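Survey of secondary and tertiary structure
The lines below spell out each chain.
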Amino acid sequence: KAGVTQTPRYLIKTRGQQVTLSCSPISGHRSVSWYQQTPGQGLQFLFEYFSETQRNKGNFPGRFSGRQFSNSRSEMNVSTLELGDSALYLCASSWGDTLNTEAFFGQGTRLTVV
Amino acid sequence: QQQVKQSPQSLIVQKGGISIINCAYENTAFDYFPWYQQFPGKGPALLIAIRPDVSEKKEGRFTISFNKSAKQFSLHIMDSQPGDSATYFCAAPRGANNLFFGTGTRLTVIP
């Protein structure tokens, strides 16, 4: 059974640009959550999607957005990139139909903003 | 705002020793506390989780102990091996299907 797939693995962008990251969850999982991981702030929750609807949102500015498609694949977008957005962006998938089912992470997308 | 406090920040253990990592949480509406293991260049991998209708859960060399009244839970790694060297994160429910993570513990097991 394939795991969570995130693309691309690495990305270098310039300040002010925008970026789109993709996540394909484990087959059958309907919940996709996104996290930002940095050495200083650790793992921080961005948002969660379930059946194409955003169910939960973390404390990030509106430059961070996401969406989920009918096949449960999800994308997150960051507009007007800042140097501080450099981080590992992780996607986690779970069944999502009951509270706090186990979440499985992808390998992440390493975003570097220069 | 839920907070999860994890300690120690780093831990060095001899091969065969016991590694102990502690976490404390403030409040949670849901009873589910997972531990994740992360190797460099990889995403976190679910290691073991407890739903506190029990005070302890054991899977192989890994044990979670949970103290609901103290709002604390800990991970014990018995017979620690060099392959266990990784960063470990505890987590607590932030809400339905999303988590607050601890700051991580970098474990080094010396051969």
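Below you will find a few notes about this structure. (Residues numbered from 1 in each chain as written. Chains lettered and ligands numbered in written order. Predicted model: local features only at pLDDT ≥ 70, side-chain atom pairs only at ≥ 80, totals over all residues. Heavy atoms only, no water.)

1. Concerning the side chain of Thr38(A)
All names here are of chain A. For Thr 38, the location among the structural elements is in strand β4 (residues 31–38). For Thr 38, the side chain forms a polar contact with the main-chain nitrogen of Gln 41, separated by 3.1 Å. Once residues lying within four places of it in the same chain are set aside, the contact partners of Thr 38 are Ser 86 and Ala 87. (Helix = DSSP H or I, 4+ residues; strand = E, 2+ residues; numbered from the N terminus. Polar contact = N/O pair within 3.5 Å; in protein donor to acceptor, adjacent residues only side chain to side chain. Contact = heavy atoms within 4.5 Å.)

2. Quick notes on the layout of surface pockets
Counted as a void, the largest pocket has a volume near 690 Å³. Lining the largest pocket are 26 residues, with Gln37(A), Gln38(B), Thr87(B), Phe89(B) and Arg106(B) sitting closest to its centre. Listing elements by their share of the lining of the largest pocket, those giving two or more residues are β4 of chain A together with β9 (86–95) and β11 (105–110) of chain B. Here the lining of the largest pocket gets three residues from one element, more than from any other, and that element is β9(B). Grouping the constituent residues of the lining of the largest pocket by class yields seven nonpolar, 15 polar and four charged. (1 Å grid on protein atoms, 1.4 Å probe; cavity = no way out; pocket = protein on both sides within 12 Å on 5 of 7 lines; lining within 4 Å. Points joined across faces, edges and corners; volume = space filled by probe spheres on them. Nonpolar A, V, L, I, M, F, W, Y, C, P; charged D, E, K, R; others polar.)

3. Focus: the nonpolar core
Counting residues in hydrophobic clusters, the biggest one holds 24 residues, and the most contacted among them are Phe33(B), Trp35(B), Phe73(B), Leu75(B), Tyr88(B) and Leu107(B). At the level of elements, β2 (10–14), β3 (19–25), β4 (33–38), β5 (45–50), β7 (62–67), β8 (72–77), β9 and β11 of chain B are the ones that each hand at least two residues to this core. Judged by nonpolar contacts, the second largest core, of 21 residues, contains Leu21(A), Cys23(A), Phe64(A) and Val78(A). (Core = buried A, V, L, I, M, F, W, Y, C linked by side-chain atoms within 4.5 Å. Buried < 20%, exposed > 50% of the residue type's maximum accessible area, 1.4 Å probe, protein only.)

4. Observations regarding the pairing of β4(A)
All names here are of chain A. Most of β4 is tucked away, with eight of its eight residues classed as buried. Taking every second residue as pointing to the same face, both faces of β4 are buried, with Ser 31, Ser 33, Tyr 35 and Gln 37 on one and Val 32, Trp 34, Gln 36 and Thr 38 on the other. Where β4 and strand β5 (residues 42–50) come together, eight bridges link them in antiparallel fashion. Its bridge partner lying in β5, Ser 31 is registered against Phe 50. Between β4 and the antiparallel strand that follows it, β5, lie three residues. (Pairing = 2+ DSSP bridges.)

5. Quick notes on the sheet that holds β3(B)
Residue and element names in this part refer to chain B. The strand order across the open sheet formed by five strands is β1-β3-β8-β7-β6, and the pairing between neighbours is antiparallel. Every interior strand has two partners, whereas the edge strands, β1 (4–7) and β6 (56–59), have only one. The sheet shows a mean angle of 15° between the axes of neighbouring strands, direction not considered. Looking at chain direction, β3 and β8 are connected through six bridges and run antiparallel. Paired with Ile 20 across the strands is His 76, a residue of β8. (Axes fitted to C-alpha atoms, helices over the stretch in contact; angles between N-to-C directions.)

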